Amino acid sequence: QVQLVESGGGLVQPGGSLRLSCAASGIIFSIYTMGWYRQAPGKQRELVARIGNYGSTNYADSVKGRFTISRDTAKNTVFLQMNSLKSEDTAVYYCNAWSTIMNYWGQGTQVTVSS
């Protein structure tokens, strides 16, 4: 059974920080590209950040310099450190595990940036 379980979402003030975690089970974690996506009300789901099995990373232009994706192979966990949060970062954030033959999604965690 494949599971991706996100945690760490919540309410934070503009300029604040939040760290999301995604714990994976049921997959060979080290061979998957892991990513964070988000979906705001009325918008399509978009890629936020991605980290390959070799450690290479990609970020959406809107979060470059503010967000950092990382992975801990020993814990089968991927993280998203979010700094200098803005109201436009408000969305449901989803964890994704991708390979050439399989694609898995977590249930999502709500991030709300508001005063």
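Everything that follows concerns the structure shown earlier in this document.
Residues numbered from 1 in each chain as written. Predicted model: local features only at pLDDT ≥ 70, side-chain atom pairs only at ≥ 80, totals over all residues. Heavy atoms only, no water.

1. Concerning the overall build of the protein
Of the regular secondary structure elements, the protein holds zero helices and eleven strands. Counting helices and strands in the order they occur from the N terminus, the protein gives β-β-β-β-β-β-β-β-β-β-β. Since a compact globule built from 115 residues should have a radius of gyration of about 13 Å, the 13 Å found for the protein is in line with a globular shape. For the protein, with 115 residues in total, the buried portion stands at 42%. Partitioning the contacts of the protein with sequence separation of at least 6, the portion at a separation of at least 24 is 53%. (Helix = DSSP H or I, 4+ residues; strand = E, 2+ residues; numbered from the N terminus. Rg over C-alpha atoms; globule rule 2.2 N^0.38 Å. Buried < 20%, exposed > 50% of the residue type's maximum accessible area, 1.4 Å probe, protein only. Contact = heavy atoms within 4.5 Å.)

2. Observations regarding the side chain of Asp-89
Take Asp-89: it is sitting in the loop between β8 (77-82) and β9 (91-98). For Asp-89, the side chain forms a polar contact with the main-chain nitrogen of Lys-86, separated by 2.8 Å. Excluding anything up to four places from it in sequence, Asp-89 contacts Arg-38, Arg-66, Phe-67, Ser-84, Val-111 and Val-113. (Polar contact = N/O pair within 3.5 Å; in protein donor to acceptor, adjacent residues only side chain to side chain.)

3. A look at the pairing of strand β4 (residues 33-39)
Counting buried positions along β4 yields six of seven residues, so the element is predominantly enclosed. Where β4 lies against β9, seven bridges are found, and the strand directions are antiparallel. Looking at β9, one finds that Thr-33 is bridged to Trp-98. Connecting the antiparallel pair β4 and strand β5 (residues 46-51) is a turn made up of six residues, with Gly-42 showing a positive phi of about 80 degrees. (Pairing = 2+ DSSP bridges.)

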